[in-house]
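# Results of the structural survey
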Amino acid sequence: MTASLPARTRIAAALFLLAALSAPLAMRSAETAAKPTAKTDARPGLRADRWLTDARYLASDELRGRGDGMPELNKAADYIAKEFDRAGLKSLPGGWYQPFKVVVGSGLGKNNKITTLKPAKHEYKLKDDFMPLSFSGSADVTAPIAFIGYGIIAPEYHYDDYGDMDVHGKIVLVLRHEPQENDDNSVFRGRRTTRHAELMSKAVIARNRGAVALLFVNDPLNHSGAEDKLIPYAQEGAPGGAGIPVIQVKQEMADSWMKTAGKQLRDLQGAIDKDLSNHSFALPDALQVRVNADVLKREATLKNVIGILPGNDPKLRDEVIIFGAHYDHLGLGDNGSMAPQLYGQIHHGADDNASGTAGILELARLFAGERSNRRSMMFMAYADRKSTRL
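## Quick look at the pairing of strand β16 (residues 376–382)
- With respect to burial, β16 is a largely interior element, 7 of its 7 residues being buried.
- Side chains S376, M378, M380 and Y382 of β16 all project onto a buried face; the interleaved residues M377, F379 and A381 project onto the opposite face, where all are buried too.
- Sheet analysis places strand β14 (residues 295–309) next to β16, joined by 5 bridges and oriented antiparallel. Opposite I306, over in β16, you have M380 as the bridge partner.
- The pairing of strand β15 (residues 320–326) with β16 spans 7 bridges and is parallel. By the bridge assignment, V320 is partnered in β16 with S376.

Below, the structure is given as structure tokens:
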């Protein structure tokens, strides 16, 4: 019956069935994941038992969360390559794997310091007064400071904290989160945060505007006192990437700098939140701050796993339909974990994304069994989920 359906309809139907297959796994605890007791077979057609066997193995204790840079991730890659081969796919000329190097972890070095040099010298304490973020670059810079509101440029909301400010060569200090955070009527989607609140997004903007470092501080009207907490290292963002020092500082520290300009963070935030007006300014040159970020990066060679099903139409076979899913997860926690208190325990990643990887294996078996595809098909299981580089 499916053979009579148009190709697009059959692909859509297959994806719909895979989504239905995924539902039961979402109900299962990751702790029940186990190594398959029998090898999968390559018979064509979508089969829930075969899909579940793949998903269970990929989410098993044996693969220990498939973290980037872990040897168990290579075991997962080998499993996927073997299943591609069993399904009847062809490898690329160089084999099943597409290797690439990437930063997979980071740690604090010994030389993380922030020091006010003038008007009076004061050295602040790591973990008490400030904390670098895991995606921070490493550098030792001495520069004046510019306060740039929330550090956001959002043309769709007619909002720009930078405006005409030239921050080239300066240390930029910004508030966390977004304007009007607790206002249901805020143009920033009310109380829901938008992408503009993301710390990496603010870091990229600061770097592209020529800043030599970016300092974050909790917005005092919404997160002061006991809520003025430093983000634990590795809880926010993936390692690597920012290119400049990115560090969170406590409010007391930032307000001591604001005093040199006769201002307070609380008043500045209130003025911005009132009408979304721009209150960015350069602090007096009499204030000089030294920022030394020392973040150690750990690199690893990861690999995408790629199988090809050539098309059977000479006119269309050079067109390629790509099916993809990331097969890595969080390993034992660390960067990206939504449960940092469980660091050191296996993060199985059944739904994220053993289920999706099992899905492309089933699609590979389906279409390789039918051999009716006019266009070529590429099935890719990729690593490095944070940047999804292909």
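## Some points on the sheet that holds strand β5 (residues 139–143)
- In spatial order, the strands read β3-β2-β13-β5; together these 4 strands make up an open sheet with antiparallel pairing. Two strands bound the open sheet, and with one partner strand each, they are β3 (122–123) and β5.
- When strand β2 (residues 113–118) meets strand β13 (residues 288–293), the two strands line up antiparallel, connected through 5 bridges. Paired with K118 across the bridge in β13 is Q288.

## Some remarks on the pattern of salt bridges
- Tallying each qualifying case throughout the model produces 13 salt bridges.
- Residue K75 is joined to E62 by a salt bridge in which the shortest nitrogen-to-oxygen separation is 2.6 Å. Highlighted residues: K75 in helix α3 (residues 71–87) and E62 in the loop between α2 (48–58) and α3, separated in sequence by 13 residues.
- Overall, the relative accessible area of 36% leaves K75 in the partly exposed class.
- By relative accessible area, E62 is classed as partly exposed at 26%.
- Each of R50, D54, E83, R86, E362 and R365 takes part in salt bridges that share partners, so that together they form one network.

## Some remarks on the sheet that holds strand β12 (residues 281–282)
- Taken in spatial order, the 6 strands make up an open sheet running β4-β11-β10-β9-β6-β12, and their pairing is mixed. Edge positions in the sheet fall to β4 (130–132) and β12, since each of these pairs with one other strand and no more.
- As judged from the 3 bridges shared by β4 and strand β11 (residues 246–249), these two strands associate in the antiparallel manner. Across the sheet, residue F130 finds its bridge partner in β11, namely V249.
- Across the sheet, helix α4 (residues 199–208) touches β9 (171–175), β10 (213–217) and β11, and the angle it forms with β10 is around 145 degrees.

## Observations concerning unusual backbone geometry
- With omega at 15 degrees, the peptide bond leading from K118 into P119 counts as cis.
- Assignment of secondary structure puts P119 in the loop between β2 and β3.
- For the bond running from D352 to N353, omega is 5 degrees, close enough to zero to count as cis.
- Its location among the elements puts N353 in helix α7 (residues 350–370).
- Positive phi outside glycine occurs at R66, with the angle close to 50 degrees.
- One can find R66 in the loop between α2 and α3.
- Although it is not a glycine, L276 sits at a positive phi angle of roughly 60 degrees.
- When you line up the elements, L276 lands in the loop between α6 (265–275) and β12.

## Let's talk about the packing of α3 against α7
- One can describe the packing of α3 onto α7 by two numbers: an axis separation of 9 Å at closest approach and a directional angle of 15 degrees. On the basis of the axis angle, α3 is roughly parallel to α7. The element α3 and its partner α7 pack so that their crossing is right-handed. Each of Y79, I80, E83, F84 and A87 in α3 lies in contact with α7, whose residues at this interface are T357, I360, L361, A364, R365 and A368.
- Taken together, the residues of the contact of α3 with α7 break down into 8 nonpolar, 1 polar and 2 charged.

## Topic: the confidence of the model for the protein chain
- In this model, the protein chain carries an average pLDDT of 88, and 85% of its residues clear a pLDDT of 70 or more.
- Taken together, the stretch residues 1–5 has pLDDT below 50 and engages in 3 contacts with residues farther than four places along the chain or on a different chain.
- Confidence drops under a pLDDT of 50 for residues 23–35, and excluding neighbours within four residues, the segment shows 22 contacts in the predicted structure.

## Re the packing of aromatic side chains
- By the definition in use, this model includes 8 aromatic pairs.
- Summarising the aromatic geometry, the rings of Y57 and Y79 are spaced 4.7 Å apart at their centres and angled 45 degrees between planes, so their arrangement reads as tilted. Placement of the pair is Y57 in helix α2 and Y79 in helix α3, with a sequence separation of 22 residues.
- Y57 sits in the buried class, given a relative accessible area of 7%.
- The exposure class of Y79 is buried, given its relative accessible area of 13%.

So, how was this worked out
All residue numbers refer to position in the chain's written sequence, counted from 1. Predicted model: local features are reported for residues with pLDDT of at least 70 only, side-chain atom pairs are reported and counted for 80 or more only, and whole-chain, interface and lining totals are derived from all residues. Heavy atoms throughout the structure, all of them, feed into the side-chain values; hydrogens and water do not. Here's how the labels work: a residue is buried when its accessible area is under 20% of the maximum for its type, exposed when over 50%, partly exposed in between, all with a 1.4 Å probe on protein chains only. Only DSSP runs of H or I with at least four residues qualify as helices, and only runs of E with at least two residues qualify as strands; both kinds are numbered from the N terminus onward. A pair of strands counts as paired when DSSP detects no fewer than two bridges linking them. The rule for a salt bridge is simple: a side-chain nitrogen of Lys or Arg has to be within 4 Å of a carboxyl oxygen of Asp or Glu. Throughout, a contact is declared for two residues whenever any of their heavy atoms are within 4.5 Å. Axis definition: a line fitted to C-alpha atoms, limited for helices to the stretch in contact. Angles are taken between N-to-C directions and run from 0 to 180 degrees. To sort the angles, those under 35 degrees are grouped as roughly parallel, those over 145 as roughly antiparallel, those from 65 to 115 as roughly perpendicular, and the leftovers as oblique. By definition, turning the near helix anticlockwise from the far helix through less than a right angle yields a left-handed crossing, and turning it clockwise yields a right-handed one. Three residue categories are used. Nonpolar comprises Ala, Val, Leu, Ile, Met, Phe, Trp, Tyr, Cys and Pro, charged comprises Asp, Glu, Lys and Arg, and polar comprises the others, including Gly. Values of pLDDT, which run from 0 to 100, indicate the predictor's confidence residue by residue. Within 6.5 Å between ring centres, the rings of Phe, Tyr and Trp (the latter by its six-membered ring) count as paired, and their orientation is classed by plane angle as stacked under 30 degrees, edge-to-face over 60, tilted in between.

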